[in-house]
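Okay, here's what each chain looks like letter by letter:
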Amino acid sequence: MKTLYDVQQLLKRFGIIVYLGKRLYDIEMMKIELERLYQSGLIEKQDYLTAELILRREHRLEKQRVEEGKTHD
């Protein structure tokens, strides 16, 4: 697992598809769903930690992208 797409595919295996219309919100909801899967014992600790790191990175990058877009307005 290396990309946001990989995390989406992991969630999809459990019937979880996240689309809220804003990428930042999507990432935040994926974090919530991922945590619920882990707490329920449905995914391994290593998969959880890897996916969590990917989501953190993507959240940071998306937040930077949004903030940079606002400074150019």
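Residues numbered from 1 in each chain as written. Predicted model: local features only at pLDDT ≥ 70, side-chain atom pairs only at ≥ 80, totals over all residues. Heavy atoms only, no water.

The protein chain carries the name DUF910 family protein in an unreviewed UniProt entry, which gives Streptococcus criceti HS-6 as its organism.

Re the environment of Val 7
With respect to the helices and strands, Val 7 occurs in helix α1 (residues 4–12). For Val 7, a relative accessible area of 0% gives the class buried. Spatially, the C-alpha atom of Val 7 lies 15 Å from that of Tyr 25, the residues being 18 residues apart in sequence. In contact with Val 7, not counting residues within four places along its chain, are Met 1, Ala 51, Ile 54 and Leu 55. (Helix = DSSP H or I, 4+ residues; strand = E, 2+ residues; numbered from the N terminus. Buried < 20%, exposed > 50% of the residue type's maximum accessible area, 1.4 Å probe, protein only. Contact = heavy atoms within 4.5 Å.)

So, the pattern of salt bridges
Scanning all chains against the criterion turns up six salt bridges. Ionic pairing is found between Arg 23 and Glu 62, a salt bridge with its closest N-O pair at 3.3 Å. Taken together, the residues Arg 23 in helix α2 (residues 23–39) and Glu 62 in helix α3 (residues 45–71) connect sequence positions 39 residues apart. Residue classification places Glu 62 among the buried positions, given a relative accessible area of 6%. (Salt bridge = Lys/Arg side-chain N within 4 Å of Asp/Glu carboxyl O.)

Overview of the packing of aromatic side chains
Evaluated as defined, the whole model comprises one aromatic pair. Both rings, one in Tyr 38 and one in Tyr 48, keep their centres 4.4 Å apart while their planes meet at 10 degrees; by these two values the pair is stacked. Here Tyr 38, found in helix α2, pairs with Tyr 48, found in helix α3; they are ten residues apart in sequence, far enough to count as distant. Classification of Tyr 38 by relative accessible area gives partly exposed; the value is 29%. (Phe/Tyr/Trp six-rings, centres within 6.5 Å; stacked < 30°, edge-to-face > 60°.)

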